[in-house]
Amino acid sequence: MKLLRRTLIATAALVALGAQAAATVGQPAPDFTLKDISGKTVRLSDFKGKHVVLEWTNPGCPFVRKHYDSGNMPATQKDATGKGVVWLSINSTEKASSDYLEPAKLAAWKTERKAAPTAVLMDEEGTVGKNYGARTTPHMYIVNPQGMLVYAGGIDSIPSARPADIEKATNYVKVGLAEALAGKPISAATTAPYGCSIKYKSPA
């Protein structure tokens, strides 16, 4: 009985540790190293001193296509990068998924839609996505110049796959970045993400 109790306590401690390790608004954003679609190594810590947007993406998802085919995501990217913000698009779709696009095809898809991220990163193992607790595509995060996570949630306020809703919605990332760049706290720092579930690699 004592052994069982100790095991349960140890398990609870590990669960608590895992929960602490997940990305939380107001806490340091977990650093990571990934390869971009051209094979170049990109580290989050390389961009310390700048605001960084992390966007989880998957072209097979209708919610992602809503924001790209309408031009909304590329416009939000251009607005951000034009103000000196770094935009990292991350694909955590596992290779075995029917939604998976190899880097060259993903690059072509983004180019066709005039996407303007700073880099598109491959996370086929899902390590970075899981560290951040990314659940949907899109799922958005903002990291401030000090490396703190200051926003986590949806791209906007209307959780639908209808392009017609974009105009009526509040673009949380645009508003949050404007506030952060003005030195103000983000008024809606945590919102509900919506979209398709991320096609993570199953544990071996």
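The coordinates are above.
Residues numbered from 1 in each chain as written. Predicted model: local features only at pLDDT ≥ 70, side-chain atom pairs only at ≥ 80, totals over all residues. Heavy atoms only, no water.

Student: Please give an account of the pattern of salt bridges that cites residues and values.
Tutor: Think of it this way: side chains of opposite charge can pair up when their charged atoms draw near. Scanning all chains against the criterion turns up seven salt bridges. Aspartate 69 is paired through a salt bridge with arginine 113; the nearest N and O atoms lie 2.7 Å apart. Of the two residues, aspartate 69 is situated in helix α2 (residues 62-69) and arginine 113 in the loop between α4 (103-112) and β5 (119-122); the sequence distance between them amounts to 44 residues. Across the salt bridge formed by glutamate 112 and arginine 113, the nearest N and O atoms sit 3.2 Å from each other. Of the residues examined, glutamate 112 reaches a relative accessible area of 58% and is grouped as exposed. For arginine 113, a relative accessible area of 22% gives the class partly exposed. One network of salt bridges, in which partners are shared, links Asp69, Glu112 and Arg113. (Salt bridge = Lys/Arg side-chain N within 4 Å of Asp/Glu carboxyl O. Helix = DSSP H or I, 4+ residues; strand = E, 2+ residues; numbered from the N terminus. Buried < 20%, exposed > 50% of the residue type's maximum accessible area, 1.4 Å probe, protein only.)

Student: I'd like to hear about the sheet that holds strand β2 (residues 41-43), residue by residue, with values.
Tutor: Spatial ordering of the open sheet is given by β2-β1-β5-β4-β3-β7-β8, a layout of seven strands whose pairing is mixed. Edge positions in the open sheet fall to β2 and β8 (149-153), since each of these has one partner strand only. Each neighbouring strand pair of the sheet contributes to a mean axis angle of 30 degrees, computed without reference to strand direction. As paired strands, strand β3 (residues 52-56) and strand β7 (residues 140-143) are joined by four bridges and run antiparallel to one another. In the strand pairing of β7, valine 52 is matched with valine 143. Contacts between helix α3 (residues 72-81) and the sheet are confined to β3, β4 (86-91) and β7, with β4 contributing the most and set at about 145 degrees to the helix. (Pairing = 2+ DSSP bridges. Axes fitted to C-alpha atoms, helices over the stretch in contact; angles between N-to-C directions. Contact = heavy atoms within 4.5 Å.)

Student: A description of the side chain of serine 97 should follow, citing residues and the corresponding values.
Tutor: Mapped onto the secondary structure, serine 97 falls in the loop between β4 and α4. Here serine 97 falls in the buried class, since its relative accessible area comes to 16%. Among the polar contacts made by the side chain of serine 97, one reaches the main-chain amide nitrogen of aspartate 99 at a distance of 3.0 Å. (Polar contact = N/O pair within 3.5 Å; in protein donor to acceptor, adjacent residues only side chain to side chain.)

Student: Describe helix α6 (residues 172-181), and please don't skip the residues or the numbers.
Tutor: In an α-helix, one full turn covers 3.6 residues, which means residues spaced three or four apart are oriented alike. The set of residues buried in α6 consists of Val173, Gly176, Leu177, Glu179 and Ala180. One side of α6 carries all its buried residues, which in axial view fall inside an arc of 165 degrees. (Arc of directions from axis to C-beta.)

Student: Which residues make up α2, and what values do they have?
Tutor: The complete set of buried residues in α2 reads Phe63, Val64, Lys66, His67 and Tyr68. The secondary structure elements touched by the buried residues of α2 are β3, α3, β4, α4, β6 (136-137) and β9 (196-197). Of the residues one or two after α2, glycine 71 is the one with positive phi, at around 90 degrees.

Student: Can you lay out the pairing of strand β1 (residues 33-36) for me, pointing to particular residues and giving the numbers?
Tutor: The side chains of a regular strand alternate between both faces of the sheet. As judged from the three bridges shared by β1 and β2, these two strands associate in the antiparallel manner. The residue bridging leucine 34 from the neighbouring strand is valine 42, located in β2. Here β1 folds back onto β2, and the loop between the two strands holds four residues, one of which, glycine 39, carries a positive phi near 95 degrees.

Student: Break down the side chain of histidine 51 for me, citing the residues and quoting the values.
Tutor: Among the structural elements, histidine 51 can be located in the loop between β2 and β3. Those residues in contact with histidine 51 that lie beyond four places of it in its chain are Val85, Val86, Val143, Asn144, Pro145, Leu177, Ala180 and Leu181.

Student: Can you lay out unusual backbone geometry for me, pointing to particular residues and giving the numbers?
Tutor: Between threonine 137 and proline 138 the backbone carries a cis peptide bond, its omega angle lying at -5 degrees. Relative to the assigned elements, proline 138 resides in the loop between β6 and β7. Of note in this structure, lysine 114 is not a glycine but carries a positive phi near 55 degrees. Within the element layout of this structure, lysine 114 appears in the loop between α4 and β5. Taking relative accessible area as the criterion, lysine 114 reaches 59% and is therefore assigned exposed.

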